Amino acid sequence: MALDVPVPDPPSLSGPQTRGEYEAIDNEIVDTGDDYRREEVEGFLEQGAWQDAFEAWTDQVGMSATDFAVVEEHELIDAFDFYWDPATDEVGYRAPSLPDDAADVIEDPGEIDMELDSLGRIVSEVLENDYLPRDEEDFGFFADDESEDAYGDRDG
């Protein structure tokens, strides 16, 4: 069953958030900057990754237009967070959950949360597979902030 709704605008990624918010174990790591490259990821979403992923998701999602209207009403699309995870060298995401007050009007709130998680996974896969291609010589998607020959001048 396909969901027939217009593609909403991509989420505007917020940050920086501390690394501790993304780790399963509560570490007391203090981040002062955003090394999650949200600005660059957001650019790829705006360049078409969001539309491609959203259309792929609507082709396979089991959500009704009525349920999606509740998602839009609670601005859950903009609550997504996509980021570059430097530890795993992959695009990560945090999918929003349906708020408790919305769960009262939805027959199966857990299903909506699962579908939102599915959207996050598909967006991450589209970003990695179609917008951030890897080659065999360069493992990461983004160039390092330092030049590749940063250590080349040590002999001089």
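Calculation notes
Residues numbered from 1 in each chain as written. Predicted model: local features only at pLDDT ≥ 70, side-chain atom pairs only at ≥ 80, totals over all residues. Heavy atoms only, no water. Helix = DSSP H or I, 4+ residues; strand = E, 2+ residues; numbered from the N terminus. Contact = heavy atoms within 4.5 Å. Areas by Shrake-Rupley, 256 points an atom, 1.4 Å probe, with all protein chains shown as cover. Core = buried A, V, L, I, M, F, W, Y, C linked by side-chain atoms within 4.5 Å. Buried < 20%, exposed > 50% of the residue type's maximum accessible area, 1.4 Å probe, protein only. pLDDT = per-residue confidence, 0-100. Salt bridge = Lys/Arg side-chain N within 4 Å of Asp/Glu carboxyl O.

## A word on the overall build of the protein chain
Of the regular secondary structure elements, the protein chain holds four helices and two strands. Listing every helix and strand of the protein chain by position from the N terminus yields α-α-β-β-α-α. Within the protein chain, contacts between residues separated by at least 24 positions form 72% of all contacts whose residues are at least 6 apart in sequence. Working note: accessible area of the protein chain is about 9800 Å², and carbon and sulfur atoms make up 42% of it.

## Looking at the nonpolar core
Counting residues in hydrophobic clusters, the biggest one holds 34 residues, and the most contacted among them are W57, F68 and L127. Breaking this core down by element, the ones donating at least two residues are α1 (38-60), α2 (65-73), β1 (81-85) and α4 (109-131). Discounting residues that sit within four places of it in the chain, L127 has contacts with V41, F44, L45, A49, V91 and L132.

## Section: the confidence of the model for the protein chain
One rule of thumb: low pLDDT means the predicted coordinates there are not for detailed reading. In this model, the protein chain carries an average pLDDT of 80, and 71% of its residues clear a pLDDT of 70 or more. The weakest mean pLDDT in the protein chain belongs to helix α3 (residues 100-103) at 84; the strongest belongs to α1 at 96. In the model, residues 22-32 has pLDDT below 50 throughout and makes twelve contacts with residues more than four positions away in sequence or in other chains. Segment residues 145-156: pLDDT under 50, and one contact once partners within four positions in sequence are set aside and those in other chains are kept.

## Describing the pattern of salt bridges
Per the counting criterion, the structure on display carries three salt bridges. The residue R38 makes a salt bridge to D81 at a minimum N-O spacing of 3.0 Å. Linking R38 in helix α1 with D81 in strand β1, this pair joins segments that are 43 residues apart in sequence. The salt bridge involving E125 is made with R121; its shortest N-O contact spans 3.7 Å. Residue E125 and its partner R121 are located together in helix α4, separated by four residues, close to a single helical turn. Judged by its relative accessible area of 38%, E125 is partly exposed. Residue classification places R121 among the partly exposed residues on the basis of a relative accessible area of 37%.

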